[in-house]
Amino acid sequence: MAAVGIIGAGTWGTALAVLLNNNGQDVTIWSAFDTEIQEMSRTRRHKNLPEVVLPDPIQMTADLRTAMAEKDMLIMAVPSVYVRSTAAKMKEYLRYGQIVVDVAKGIEEQSLMTMSQVIEEELPLAEVAVLSGPSHAEEVSRGLPTTCVAAAHRKKTAEFMQSVFMSPVFRIYTSPDMLGVEIGAALKNVIALAAGTADGLGCGDNTKAALITRGIAEIARLGIAMGGKQQTFYGLSGIGDLIVTCASMHSRNRRAGILIGEGTSPEDAVKQVGTVEGYYCCHAAWELAQQHGVSMPITEQLYHILFDGADPQQALNNLMNRPKKHEYEEF
């Protein structure tokens, strides 16, 4: 049995708590909001996962020291915009070599760092790793099967994660390519926001398939330029996560995109849907593309929609009327 502290009581953190409890692990969930912990403790439910009853052994606390003390693994499950501030609070209670697994998907807008890089900067004594893949909380919490990838600097750490998370409904593969896994995980939200916008414009399945395919191509271009491995982007944390995020109504990115395509302003769409990681990541992705000299036309057009007031239909037209190209530039 592993002792696991889950830092963040959102839907994904809660879903992982249920999964790990069912695996026989000793689980504690932490929230920065005492009222949230009290409500979850009283009802044994999460307001955004109404079908799921939280098993009695799962402990809940608003005290960070308690959530971290004597834990074999800590899971960073707060939204990406709060990863740095939360990690800074954790520093006081972290012990040397404690494993911190990031499950937030994003790139910090100011620094252009991945979430694991942010955590490593704030918690230099931690052994930082990443878990990612096609994994909507709504389905994982209900025990519906999926597969994910555990990435770490050390093989031993990735294999420990594999042993803790793996179950008959949650298959885990390992990878040494933390950077590639995180770039795929973060940028798929950008492409999913664009795909949702196309849905809102009334486009069809052909459009969705084209956006997914060309989307993974530009994600891979940037990821490889930054040092990621090509095969990672065609694996679970790349094309796998991209497909589900573009196709599912569980995806906040897709839902926000639909609203934008239908005429809602990006700011209002985000307010209506909640945390939309692709909105925050798009600016960082665009900046990284400029920095590395990489062509990312879908990301660029979405950037203009979100931050320059561009018309979504015109942005789609711009994509369709780009100069003629080979599908693979090496041709």
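Up top you'll find the structure we're talking about.
Residues numbered from 1 in each chain as written. Predicted model: local features only at pLDDT ≥ 70, side-chain atom pairs only at ≥ 80, totals over all residues. Heavy atoms only, no water.

As a rule of thumb, soluble globular proteins bury nonpolar side chains together. Within the largest apolar cluster, 43 residues are counted, with the highest numbers of intra-cluster contacts made by I107, L187, L193, C246, V276, L302 and L306. Those elements giving two or more residues to this core turn out to be α8 (178-200), α9 (205-226), α11 (236-247), α12 (252-261), α13 (266-273), α14 (277-292) and α15 (297-307). Sorting elements by how many residues they give to this core places α8 first, with ten residues. Beyond its immediate stretch of four places on either side in the chain, L187 contacts I107, I219, L222, C281, A285 and M296. (Core = buried A, V, L, I, M, F, W, Y, C linked by side-chain atoms within 4.5 Å. Buried < 20%, exposed > 50% of the residue type's maximum accessible area, 1.4 Å probe, protein only. Helix = DSSP H or I, 4+ residues; strand = E, 2+ residues; numbered from the N terminus. Contact = heavy atoms within 4.5 Å.)

Tracing the sequence through the fold places P134 in the loop between β6 (127-132) and α6 (137-140). When its relative accessible area of 16% is taken as the criterion, P134 is described as buried. Once residues within four sequence positions are removed from consideration, P134 is found in contact with T146, T147, C148, L236, G240, D241 and V244.

This part is about the sheet that holds strand β3 (residues 59-61). With mixed pairing, eight strands are arranged side by side in an open sheet as β3-β2-β1-β4-β5-β6-β7-β8. Pairing within the sheet leaves two strands with one partner each, and these edge strands are β3 and β8 (170-175). The sheet shows a mean angle of 25 degrees between the axes of neighbouring strands, direction not considered. Examined bridge by bridge, strand β1 (residues 3-7) and strand β4 (residues 73-76) share four bridges and lie parallel to one another. Note that in β4 the partner of I7 across the bridge is M76. Lying on the sheet, helix α2 (residues 34-43) is in contact with β2 (26-30) and β3; it crosses β3 at an angle near 155 degrees. Strands β6, β7 (146-152) and β8 of the sheet are contacted by α11, whose axis makes an angle of about 145 degrees with β7. (Pairing = 2+ DSSP bridges. Axes fitted to C-alpha atoms, helices over the stretch in contact; angles between N-to-C directions.)

What follows deals with empty space enclosed by the protein. A complete count under the given rule lists one cavity of 30 Å³ or more for this structure. Taken as a whole, the largest cavity encloses approximately 120 Å³ of empty space. Forming the boundary of the largest cavity are 13 residues, of which A194, T197, I305, L316 and L319 lie nearest the centre. Listed by contribution, the elements that provide at least two residues to the lining of the largest cavity are α8, α15 and α16 (312-320). Broken down by class, the residue content of the lining of the largest cavity amounts to eleven nonpolar, two polar and no charged. (1 Å grid on protein atoms, 1.4 Å probe; cavity = no way out; pocket = protein on both sides within 12 Å on 5 of 7 lines; lining within 4 Å. Points joined across faces, edges and corners; volume = space filled by probe spheres on them. Nonpolar A, V, L, I, M, F, W, Y, C, P; charged D, E, K, R; others polar.)

Turning our eyes to something else, we now look at helix α1 (residues 11-22). Between its terminal C-alpha atoms α1 stretches 17 Å, which fits the 16 Å expected from twelve residues at 1.5 Å a residue. Extensive coverage of α1 is indicated by the burial of eleven of its twelve residues. G24 sits one or two residues past α1 and shows a positive phi near 90 degrees. (Expected span 1.5 Å × (residues − 1).)

In total, this model carries five aromatic pairs according to the counting rule given. Aromatic pair Y279 and Y280: ring centres 5.6 Å apart, planes at 90 degrees, arrangement edge-to-face. For the pair Y303 and F307, a centre-to-centre distance of 5.2 Å together with 55 degrees between the ring planes defines the contact as tilted. Residue Y303 and its partner F307 are both found in helix α15; the two are separated by four residues, about one turn of the helix. The class of Y303 is buried, set by a relative accessible area of 11%. Note on F307: relative accessible area 31%, which makes it partly exposed. Chaining the aromatic ring pairs together yields one cluster made of Y279, Y280, W286, Y303 and F307. (Phe/Tyr/Trp six-rings, centres within 6.5 Å; stacked < 30°, edge-to-face > 60°.)

As a further point, take the packing of α14 against α15. Contact geometry of α14 with α15 gives a least axis separation of 9 Å together with a crossing angle of 125 degrees. Here α14 is positioned oblique relative to α15, judged by the angle of their axes. When you trace α14 past α15, the crossing you get is left-handed. Facing α14, whose interface residues are Y279, C282, H283, A285 and W286, α15 presents T299, E300, L302, Y303, L306 and F307. Among the residues forming the contact of α14 with α15, the class breakdown is eight nonpolar, two polar and one charged. (Parallel < 35°, antiparallel > 145°, perpendicular 65-115°, else oblique. Left-handed = near helix turned anticlockwise from the far one by under 90°.)

Running from N to C, α8 and α9 cross one another at 150 degrees; their axes reach a closest spacing of 9 Å. With respect to their mutual orientation, α8 and α9 come out roughly antiparallel. In the packing of α8 onto α9, the handedness of the crossing is right-handed. For the pair α8 and α9, contact is made by L179, I183, G184, L187, K188, I191, A194, A195, A198 and D199 and by T207, K208, L211, G215, E218, I219, L222, G223 and M226, respectively. In terms of residue class, the contact of α8 with α9 is made up of eleven nonpolar, four polar and four charged.

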